[in-house]
Amino acid sequence: MNRRDTVFALVALGASPLAAKAQPTGKIWRVGILSSLSGPNELIEAFRDQLRILGYIEGRNLSFEYRWSAGADERLQEMAAELVQLKVDVIVTHAGLPPAAAKRATSTIPIVIAATADPVGQGLVASLARPGGNLTGSSMQSTDLTGKRVQLLREIVPNATRVAVLAMKGTPATPHLLAQMRAVAQQMGLTLAIHEVNEVGSLTSAFVAMQRAGIQVLIVQQAPFTAANRKLIVDLAAKHRLPSMFDIRGWVDEGGLISYGPNTVEMHRRAAFFVDKIFKGAKPADLPVEQPTKFEMFVNLKSAKALGLTIPQSVLARADEVIR
């Protein structure tokens, strides 16, 4: 039988060269998903899609165990323990509290973080180059990302000297963000106001306080609570005529002014490569934590017009997409 006939025979049997290469015959890999979300979104789908490309087919050689806390983070530890009891082959998680919950639940099952801020500062890994332990993945940390966001806002609102941060209270990434913001504000001579929230009722009062303080621009932290209340936050920013910077495109699609940050879809795709390496025998301790290499900017011109702003051509020229 020649090579062409062999490939046709594999297809006829419902197999593929990729799937055969991906894992031993008969093995069904079990992937545990631990998340603060309420269900799959484009990020999880990107991860699953990349696994398919790598030859892992759900129902054939792959199965998923999902645990969604839907914002009820007090349940994360219980959910992580459930995944450990199910003896999944790897736990995949992302930003916020889930990575720490997974790490507390097991020191043996590999853990892959699709995207989180400052994994070293959170005590999740020993270092980016040598994670140690059973956890690896991708970090959203970038030393100059906060400064670039502030600079972009000041290009749009040149006279802005009073900036606010809307951050999620209690998430591990928040102290890192606020430390960066304080450093940037001091360096640029800005007045900084910090509003930490974790209840819907506190959002309205936070924006009222910003208006009273004469805040001119706002940076919103991407976190489970803020993401869950994205529309309300965007609407409040528009109501109070507050030019706002966000991390990812979804906010701009919702009506936010501008976003600048890592390509989180690509980072979730990268998580599949970590999982593939682990399935093939690599140890998380030996897989360096990756940092983002691609950053995206999106601008909403309709929102700019509503705020009475003219976006400089220098900003528009650097945008990955301008939403009109």
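Predicted model, so just to flag it, every value in this text is computed and none were measured. (Residues numbered from 1 in each chain as written. Predicted model: local features only at pLDDT ≥ 70, side-chain atom pairs only at ≥ 80, totals over all residues. Heavy atoms only, no water.)

Novice: Looking at this structure, how should I read helix H3 (residues 42-53)?
Specialist: Three or four residues apart is the spacing at which side chains of an α-helix point the same way, because the helix has 3.6 residues per turn. Given a rise of 1.5 Å per residue, 12 residues ought to cover 16 Å, and the 16 Å separating the end C-alpha atoms of H3 matches this to within 8%. What H3 keeps buried is the set Leu43, Ile44, Ala46, Phe47, Arg48, Gln50 and Leu51. One side-chain oxygen at the N-terminal end of H3 lies 3.0 Å from the backbone nitrogen of Leu43; it belongs to Asn41. Gly55 sits one or two positions beyond H3 and adopts a positive phi of about 100°. (Helix = DSSP H or I, 4+ residues; strand = E, 2+ residues; numbered from the N terminus. Expected span 1.5 Å × (residues − 1). Buried < 20%, exposed > 50% of the residue type's maximum accessible area, 1.4 Å probe, protein only. Polar contact = N/O pair within 3.5 Å; in protein donor to acceptor, adjacent residues only side chain to side chain.)

Novice: Explain the environment of Ala193 here, please?
Specialist: When you line up the elements, Ala193 lands in strand E7 (residues 191-197). For the pair Ala193 and Leu43, spaced 150 residues apart in the sequence, the C-alpha separation amounts to 31 Å. The contact partners of Ala193, leaving out residues within four places of it in the chain, are Val163, Ala164, Val165 and Ile215. (Contact = heavy atoms within 4.5 Å.)

Novice: Whenever I open this one, the packing of helix H8 (residues 200-212) against helix H10 (residues 230-239) confuses me. Can you help?
Specialist: Each packed pair of helices is defined by two parameters, the angle between the axes and the distance between the axes. For the pair H8 and H10, the least separation of the axes is 10 Å and the interaxial angle reads 15°. One element, H8, and the other, H10, form an angle in the roughly parallel class. Regarding H8 and H10, the two cross each other, and that crossing is right-handed. Of H10, the residues touching H8 (which contributes Val200, Leu203, Thr204 and Phe207) are Leu232, Ile233, Leu236 and Ala237. (Axes fitted to C-alpha atoms, helices over the stretch in contact; angles between N-to-C directions. Parallel < 35°, antiparallel > 145°, perpendicular 65-115°, else oblique. Left-handed = near helix turned anticlockwise from the far one by under 90°.)

Novice: How should I be thinking about the packing of aromatic side chains in this particular structure?
Specialist: When we look at a pair of aromatic rings, we describe it by the centre distance and by the angle of the planes. Across all of its chains, the model carries 6 aromatic pairs by this definition. Relative to Phe279, the ring of Trp29 has its centre 4.2 Å away and its plane inclined at 10°; by these criteria the two rings are stacked. Of the two residues, Trp29 is situated in strand E1 (residues 29-35) and Phe279 in helix H12 (residues 264-279); the sequence distance between them amounts to 250 residues. A connected cluster of aromatic rings, assembled from ring pairs, spans Trp29, Tyr56 and Phe279. The ring of Trp29 carries the charged tip of Lys27 above its face, separated from the ring centre by 4.6 Å. One cation-aromatic arrangement involves Arg48 over Phe64; the distance from NZ or CZ to the ring centre is 5.1 Å. (Phe/Tyr/Trp six-rings, centres within 6.5 Å; stacked < 30°, edge-to-face > 60°. Lys NZ or Arg CZ within 6 Å of the ring centre and 35° of its normal.)

Novice: Before we go on, may I ask you to explain the pairing of strand E5 (residues 135-139) in this structure?
Specialist: Side chains on a regular strand alternate between the two faces of the sheet. Within E5, 5 of the 5 residues are buried, leaving the element largely enclosed by the surrounding structure. As judged from the 4 bridges shared by strand E4 (residues 111-116) and E5, these two strands associate in the parallel manner. From the neighbouring strand, Thr116 faces E5, where its bridge partner is Ser139. (Pairing = 2+ DSSP bridges.)

Novice: Looking at this model, I keep getting lost on the sheet that holds E1. Mind explaining?
Specialist: Strand pairs in the sheet, formed through backbone hydrogen bonds, run parallel or antiparallel to each other. Spatially, E2-E1-E3-E4-E5 is the arrangement adopted by the 5 strands of the open sheet, whose pairing is parallel. Among the strands making up the open sheet, the edge pair consists of strand E2 (62-68) and E5. Averaged over all adjacent pairs, the angle separating strand axes in this sheet is 20°, with direction ignored. Where H3 meets the sheet, its contacts fall on E1, E2 and strand E3 (90-93), and the angle it forms with E2 comes to roughly 170°. Strands in contact with helix H4 (residues 76-85) are E1, E2 and E3; relative to E1, the strand with the most contacts, it is inclined by about 180°.

Novice: What is the right way to read the packing of H3 against H12 from this model?
Specialist: In the contact formed by H3 and H12, the axes pass within 8 Å of each other and the chain directions differ by 40°. Compared by their axis directions, H3 and H12 come out oblique. Considering the relative orientation of H3 and H12, their crossing is right-handed. Residues Glu42, Leu43, Ala46, Phe47, Asp49, Gln50, Leu51 and Ile53 of H3 lie in contact with H12, whose contacting residues are Thr264, Val265, His268, Arg269, Ala271, Ala272, Phe273 and Val275. Among the residues forming the contact of H3 with H12, the class breakdown is 10 nonpolar, 3 polar and 3 charged. (Nonpolar A, V, L, I, M, F, W, Y, C, P; charged D, E, K, R; others polar.)

Novice: What am I meant to see in the sheet that holds strand E6 (residues 162-168) here?
Specialist: The strand order E7-E6-E8-E9-E10-E11-E12 describes an open sheet built from 7 strands, whose pairing is mixed. One side of each edge strand has no neighbouring strand; the edge strands of this open sheet are E7 and strand E12 (321-323). Going across the sheet, the axis of each strand differs from the next one's by a mean of 20°, ignoring polarity. Here strand E9 (residues 244-246) pairs with strand E10 (residues 258-262) via 2 bridges, running parallel. Across the sheet, Met245 pairs through a bridge with Ile258, a residue of E10.

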